[in-house]
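Reading the structure
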Amino acid sequence: MQKTTDKFYPELLSPAGDAERLDACLLYGADAAYLGSDMFSMRAAAPNFHGDELEKAVKKAHEKNVKVYMTCNTLPRNSEISFLEEHLEYWFSIGIDAVIVADFGVLDICKKVAPKLPVHISTQAGIVNYHSAEVFYNLGASRVVLARELSLDEIKEIAVKKPKELELEAFVHGAMCVSFSGRCLLSNYLTGRDANRGECAQPCRWEYALMEKTREGQYFPVNQDESGTYILNSRDMCMIEHIPELINAGIDSFKIEGRAKSSYYAAVITNAYRAAIDEYLNFDGKDYKLSDWIKNETLKVSYREYCTGFYFGSPSQDAQIFYDGGYKREWDVAAVVIDSDGEFITVEQRNKFVISDELEALEPGKEPFKITVTEIYNENNEAVCQAPHPMEILKIKCDKKLVKGSLLRKQKN
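Here is a short report on the structure shown in this document. Numbering of residues begins from 1 in every chain and follows the order in which that chain's sequence is written. Confidence filtering applies because this is a predicted model: local features only for residues at pLDDT of at least 70, side-chain atom pairs given and counted only at 80 or more, and all residues used for totals across whole chains, interfaces and linings. Only hydrogens and water are set aside when side-chain values are computed; all heavy atoms of the structure are taken into account.

**Re the packing of helix α3 (residues 78–93) against helix α4 (residues 104–113)**
Two measures define how a pair of helices packs: the angle their axes make with one another and the distance between the axes. Between N-to-C directions, angles span 0 to 180 degrees; the directions come from axes that are lines fitted to C-alpha atoms, helices contributing only their stretch in contact. Only DSSP runs of H or I reaching four residues or more are called helices, and only runs of E reaching two or more are called strands; each is numbered from the N terminus. Running from N to C, α3 and α4 point in directions that differ by 45°, and their axes come no closer than 10 Å. Relative to α4, α3 is oriented oblique. Note on packing geometry: the crossing formed by α3 with α4 is right-handed. Within the contact between the two elements, α3 uses Ile-81, Leu-84, Glu-85, Leu-88 and Glu-89 and α4 uses Val-106, Ile-109, Cys-110 and Val-113. Each residue is assigned to one class: nonpolar for Ala, Val, Leu, Ile, Met, Phe, Trp, Tyr, Cys and Pro, charged for Asp, Glu, Lys and Arg, and polar for all the others, Gly among them. Per-class residue counts for the contact of α3 with α4 are seven nonpolar, no polar and two charged. Angles are sorted into four bins: roughly parallel if under 35 degrees, roughly antiparallel if over 145, roughly perpendicular if 65 to 115, and oblique for all others. Handedness of each helix crossing follows the sense of rotation of the near helix against the far helix: counterclockwise by less than a right angle gives left-handed, clockwise gives right-handed. The contact definition used throughout considers only heavy atoms, calling two residues in contact when any of these lie within 4.5 Å.

Listed below in structure tokens is the structure:
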């Protein structure tokens, strides 16, 4: 949707772990995507781009007028510094739009090796005041990703007092971390997987109890629930209903967290925030209210119970989920649309569906709608009553034309 008002137009920044996730971001409305490579990325335990995949990804994104930001936000050890320069030179040569860093040394090398490559300062730098933001700007940063622990009022003050050219980016959706700005030692201590090098095992999501050292084997719950407690398990952040407040605070880029998320997640959440931003920017009245269907989209992915993080003050009452460490998942992807002619849609199956099932179709930028499965045909054009085989190509009777890449999903019983 095109901007039709004079309101500030923020960037929507989405996670693109691999080619499939990047395609989802591009189709469903991201203005920019962030991704990682084999080294220097906090996405070490997640899918990444390898070899010439990265160059192809940048080219594809730029053809859609979407920017690409490279994560280089680990804290590199001595043995890795010698590789950094060649990575930076390569990233610059293929047209990366910015590199995201957390370390002063990496920032210094960036400005020496690729001085024209914009540098964004990672949220792991823990920027919580306008002076720190200005210092990074003076060192060559064009954008800072603010700490997640800031309130909207604090962000507003930073926006007013920062250098005019310095951009502000902030997370608006996704997993929260129990440690400050993600700088955690728990994973490394318990599992040997360093969270600050992209290898977090998420031990904050595990169930814990107390044990007194003289009573070996006797465990005591931290609360009165006999199953113990998930005392470190943070809720997910969701700011989908607060687009006006985010814009008015002076945030230039709205970032969706998604380090270990699926392409379905990237598509649905990107689409939801794209729709929410566009709806608000095109709203002419005074009492804006988010459409219910957009809000409901955030409940159709895998998620933990939501909160608004620190944006409206310290979340002392609704920050943690004490009774469970898992995700809610109430919908499955049934198929991905690969062709549509107004009579049948050709799909690639993802999860089982059968005749009489009610599926929901999600197209980019549109409210989802229902499809009742009345006819299914396999690749031999034989009528079948079910679709049990992943990745099978099928045809479904449907009188609506759907955009290639649209999703069909099914609600769990």
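Read on for the rest.
**Some words on a nonpolar patch on the surface**
Think of a patch as exposed residues, more than 30% relative accessible area, with no salt bridge, where like charges cluster within 9 Å and nonpolar side chains (Val, Leu, Ile, Met, Phe, Trp, Tyr) cluster within 5 Å. Surface exposure here means Shrake-Rupley accessible area, sampled with a 1.4 Å probe, where a residue is shielded only by the protein chains that are shown. Salt bridges, as used here, are contacts in which a Lys or Arg side-chain nitrogen is within 4 Å of a carboxyl oxygen on Asp or Glu. Together, Phe-104, Val-135 and Leu-139 make up a nonpolar patch on the protein surface, roughly 270 Å² of accessible area in all. Tracing the sequence through the fold places Phe-104 in helix α4. A relative accessible area of 52% places Phe-104 in the exposed class. Each residue gets one of three labels from its accessible area relative to the maximum for its type: buried under 20%, exposed over 50%, partly exposed in between, using a 1.4 Å probe on protein chains only.

**Thoughts on the sheet that holds strand β19 (residues 383–384)**
When DSSP finds two or more bridges between a pair of strands, those strands are recorded as paired. Strand order across the open sheet formed by eight strands is β17-β16-β22-β13-β14-β21-β18-β19, with antiparallel pairing between neighbours. The open sheet is flanked by β17 (369–372) and β19, the only strands paired with a single partner. Alignment of strand β14 (residues 344–349) against strand β21 (residues 393–397), held across five bridges, turns out to be antiparallel. Counted as the bridge partner of Ile-345 is Ile-396 from β21. Relative to strand β22 (residues 407–411), helix α9 (residues 263–281) is tilted by about 95°, and along the sheet it contacts β13 (331–340), β16 (358–362) and β22.

**Describing the packing of aromatic side chains**
Pairs were defined over the aromatic rings of Phe, Tyr and Trp, the Trp ring being its six-membered one, requiring ring centres within 6.5 Å. Orientation was assigned from the angle between planes: stacked under 30 degrees, edge-to-face over 60, tilted for the rest. Enumeration over the complete set of coordinates arrives at five aromatic pairs. A ring pair is formed by Phe-104 and Phe-136, whose centres lie 5.2 Å apart and whose planes are at 10°; its orientation type is stacked. You can see Phe-104 sitting in helix α4 and its partner Phe-136 sitting in helix α5 (residues 130–138), a full 32 residues away along the chain. Between Tyr-303 and Tyr-306, the aromatic rings sit 4.9 Å apart at their centres with planes inclined by 10°, giving stacked as the arrangement. Owing to a relative accessible area of 18%, Tyr-306 belongs among the buried residues under this scheme. Arg-148 extends its terminal NZ or CZ atom over the ring of Phe-171, reaching a point 3.9 Å from the ring centre. Taking the ring centre of Trp-331 as reference, the NZ or CZ of Arg-409 above it sits at 5.5 Å. Note on criteria: charge over ring means Lys NZ or Arg CZ within 6 Å of the ring centre, with the direction from the centre no more than 35 degrees off the ring normal.

**Things to note about the pairing of strand β7 (residues 167–175)**
Of all nine residues in β7, eight are buried; the element is thus mostly enclosed. As paired elements, strand β6 (residues 143–145) and β7 share three bridges and run parallel to each other. Bridge pairing in β7 links Val-144 to Leu-168. Assignment of crossover handedness uses the view with strands pointing away from the viewer, where a clockwise path from the first strand over the helix to the second indicates a right-handed crossover. Handedness of the crossover joining β6 and β7 through helix α6 (residues 152–161) is recorded here as right-handed. Relative to strand β11 (residues 253–256), β7 runs parallel, the two sharing four bridges. Residue pairing across strands places Ala-170 opposite Phe-254, the latter belonging to β11. The sheet contact formed by β7 and strand β10 (residues 236–238) spans three bridges and is antiparallel. Bridged to His-173 within β10 is Cys-238.

**Observations concerning the environment of Ala-114**
One can find Ala-114 in the loop between α4 and β5 (119–121). Accessibility expressed as a relative area gives 2% for Ala-114, which makes it buried. Each C-alpha atom of the pair Ala-114 and Ser-93 lies 9.4 Å from the other, and the pair is 21 residues apart in sequence. The residues touching Ala-114, leaving out its near neighbours within four places in the chain, are Phe-92 and Ile-109.

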